[in-house]
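# Overview (structure and organization)
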Amino acid sequence: MIIVRVDDHAQHHATEMHLGQLIPSVESPARLQVIERAVHAAGFDDVHDAQCIELSLLERVHSPQYIEFLSTAYERWRAAGYAGDAMAYTWPARHAGQTRPESVVGQLGYHSFSADCSISAGTAGAARNAAAAAATAATHALQVGSAFAMHRPPGHHATRDQFGGYCYLNNAAVAAQRLRDLGAAKVAVLDIDYHHGNGTQDIFYARDDVLTCSIHADPANRFPWFIGYAAERGVGAGEGSNLNLPLPLGSAFDAWRDALHVAIAAIRKAGCDALVVALGVDTFEHDPISDFKLKTEHYPLVGTDIAALQLPTALIMEGGYLTEQLGENVAGVLQGFAQAHRGSSA
Ligand code: Q9C
Ligand code: ZN
């Protein structure tokens, strides 16, 4: 398995509105340091730098207006004389129109859906590097069988034109689009982060060339609250190409693994020829913001189960917030996967 690394991620450190208090985001630079250490310790030494990502690929996933907004928002915020990180405080009310305001403050509300993250000085660059790592991993996956994009910030909550949930550019969607562009006819995105992959669902909702599957905490009681329900199955040509598997709060590995097998069966049935795994390990029993009950010993089994699909696979880093065991859990998935995956002779 190829490991794709990034530069400059530590320049991104957002502010989070957490239940009435502004705190440094739990999606911290330290997360990636422990992941890097554990992945190397586990013996993965085929490490490649992320290659530059073309604007044309990003623009197949995100709106040009949003990409431009992300790369200039922090400077505009500071130039307007505001302190701290750029953060919204107003979102469109239910029957509001679709007008995009001119002010950066209004645009922050237009281009985000939650107050759990902000735009800091290094956010745009780090998000761009993460998307580049995802695209690079997708390319390697087609060439050698599998690759892991080892980056932050995560991406699966970012929609075509909104950030939120610690996500700015949808790295998994970028990987899926790259796989399509390189010739995969039908791509599956399997999202195993604790939270629903709302952004990925949204981006591909009307398309039949990307099957999106997400196993997550029931949105009736967890972020992202308004999306992620089982009845959401896609629209138009995309009808039947979205599979949501919400689970009760507190779910343990047995129930979680049953859902994984449902998703894997759906991917098999759809005849997908490449796979993107949105790899969050915030399903861990001691994760500070989640409540599933997966244990460290389960993560290699997760990797093994996914490898059984024997598809070219790009694994894309998403959430996981208990820095103490984060590295071990991520490396566990990769090890289980690598032992069971045939790779490719190409
Ligand atoms: N402070 C990912 O796992 N956070 N994002 C709400 C309120 C939402 C998690 C907590 C969780 C987003 C990639
Ligand atoms: Zn998550």
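Overview of the structure. Remember, it's a predicted structure, so these values are computed and weren't measured experimentally.

### Here we look at the overall build of the chain
On a plain count of helices and strands, the chain comes out with 10 helices and 10 strands. Relative to its length of 346 residues, the chain is compact, with a C-alpha radius of gyration of 19 Å against a globular reference of 20 Å. With the C-alpha coordinates of the chain rotated into their principal frame, the extents come out at 55 × 45 × 40 Å. Taken over 346 residues, the chain has a buried fraction of 55%. Of all intrachain contacts in the chain linking residues separated by at least 6 positions in sequence, the fraction that spans at least 24 positions is 78%. Surface exposure of the chain reaches about 13600 Å², of which carbon and sulfur atoms provide 52%. Side-chain charges of the chain comprise 23 positive and 37 negative groups, with the mean position of each set lying 4 Å from the other.

### Some thoughts on the pairing of strand S3 (residues 21–24)
Two faces belong to every sheet, and in a regular strand the side chains alternate between them. Pairing of strand S2 (residues 15–18) with S3, which is carried by 4 bridges, proceeds in the antiparallel orientation. Across the sheet, residue Glu16 finds its bridge partner in S3, namely Ile23. The turn joining S2 and S3, which pair antiparallel and follow one another in sequence, is formed by 2 residues; a positive phi near 45° is taken by Leu19.

### A closer look at unusual backbone geometry
Backbone torsion omega between Arg152 and Pro153 reads 0°, so that peptide bond is classified as cis. As for its position among the elements, Pro153 is in the loop between strand S5 (146–150) and helix H6 (171–181). Between Phe223 and Pro224 the backbone carries a cis peptide bond, its omega angle lying at 5°. Inspection of the secondary structure puts Pro224 in the loop between strand S7 (210–217) and strand S8 (242–247).

### Details of the packing of helix H8 (residues 253–269) against helix H9 (residues 299–307)
In the contact formed by H8 and H9, the axes pass within 10 Å of each other and the chain directions differ by 15°. Between H8 and H9, the interaxial angle falls into the category roughly parallel. As H8 packs across H9, the resulting crossing turns out to be right-handed. From H8, Phe253, Trp256, Arg257, Leu260, His261 and Ile264 reach across to H9, where they touch Leu301, Val302, Asp305 and Ile306.

### Overview of the site of ligand 1
Around ligand 1, the structure places 16 residues, and the nearest of them are Glu16, His18, Gly165, Asp282 and Tyr321. Between ligand 1 and His157, the relevant distance is 3.3 Å, taken from a nitrogen atom to a side-chain nitrogen or oxygen of the residue. Within the complex, the protein chains bury 90% of what would otherwise be the 410 Å² of accessible surface of ligand 1.

### Examining the pairing of strand S10 (residues 313–317)
Taking burial as the measure, the 5 residues of S10 include 5 buried ones, the bulk of the element. Residues Thr313, Leu315 and Met317 of S10 are buried on one face, and the alternating residues Ala314 and Ile316, pointing to the opposite face, are buried as well. Strand direction decides the pairing type here: S5 and S10, joined by 4 bridges, are parallel. Within S10, the position partnered with Ser146 by the bridge is Thr313. In this structure, strand S9 (residues 274–279) lies alongside S10, joined through 5 bridges in parallel fashion. Looking at the pairing, Ala278 lines up with Ile316 of S10.

### Some words on the coordination of the zinc ion (ligand 2)
Looking at the metal site, the zinc ion (ligand 2) is ligated by Asp193 (OD), Asp193 (OD), His195 (ND1) and Asp282 (OD), spaced 1.9 to 2.8 Å from it. Sequence spacing of the donor residues for the zinc ion (ligand 2), all on one chain, is D-x1-H-x86-D. His195 matches Asp193 in its accessibility class, with the two residues each being buried.

What counts as what
Counting starts from 1 at the beginning of each chain's written sequence and moves along it residue by residue. Each chain is given a letter, starting from A, and each ligand a number, starting from 1, according to the order in which they appear as written. Owing to the predicted nature of the model, reporting of local features is limited to residues with pLDDT of at least 70; listing and counting of side-chain atom pairs is limited to 80 or more, with chain, interface and lining totals taken over all residues. No hydrogens and no water enter the side-chain calculation; it runs on all heavy atoms of the structure. Helix and strand labels come from DSSP, where a helix needs a run of H or I of at least four residues and a strand needs a run of E of at least two; each type is numbered from the N terminus. This radius of gyration counts C-alpha atoms alone. The globule rule is 2.2 Å times how many residues there are, raised to the power 0.38. Using a 1.4 Å probe on the protein chains alone, a residue whose accessible area is under 20% of its type maximum counts as buried, one over 50% counts as exposed, and one in between counts as partly exposed. It only takes one pair of heavy atoms within 4.5 Å for two residues to be counted as in contact. Areas reported here follow the Shrake-Rupley algorithm with a probe of radius 1.4 Å; residue values treat only the protein chains shown as occluding. A positive count includes Lys and Arg, and a negative count includes Asp and Glu. His and the chain ends are not counted in either. One atom stands in for each charge, and that atom is NZ of Lys, CZ of Arg, CG of Asp or CD of Glu. Strand pairing requires that DSSP identify at least two bridges connecting the strands. For every element, the axis is a line fit to its C-alpha atoms; helices are fit only across the contacting stretch, and the angle between N-to-C directions ranges from 0 to 180 degrees. For this classification, under 35 degrees means roughly parallel, over 145 means roughly antiparallel, 65 to 115 means roughly perpendicular, and everything else is oblique. By convention the crossing between two helices is left-handed if the near helix lies anticlockwise of the far one by an angle smaller than a right angle, and right-handed if it lies clockwise. Throughout, near means a residue has at least one heavy atom within 4 Å of the molecule or strand. Nitrogen and oxygen atoms within 3.5 Å of one another constitute a polar contact, given that in protein one can donate a hydrogen and the other can accept it, and given that sequence-neighbouring residues count only through two side-chain atoms. Think of the donor list as every N, O and S atom within 2.8 Å of the metal, or within 3.2 Å for Na, K and Ca; water never makes the list, so a site can look incomplete.

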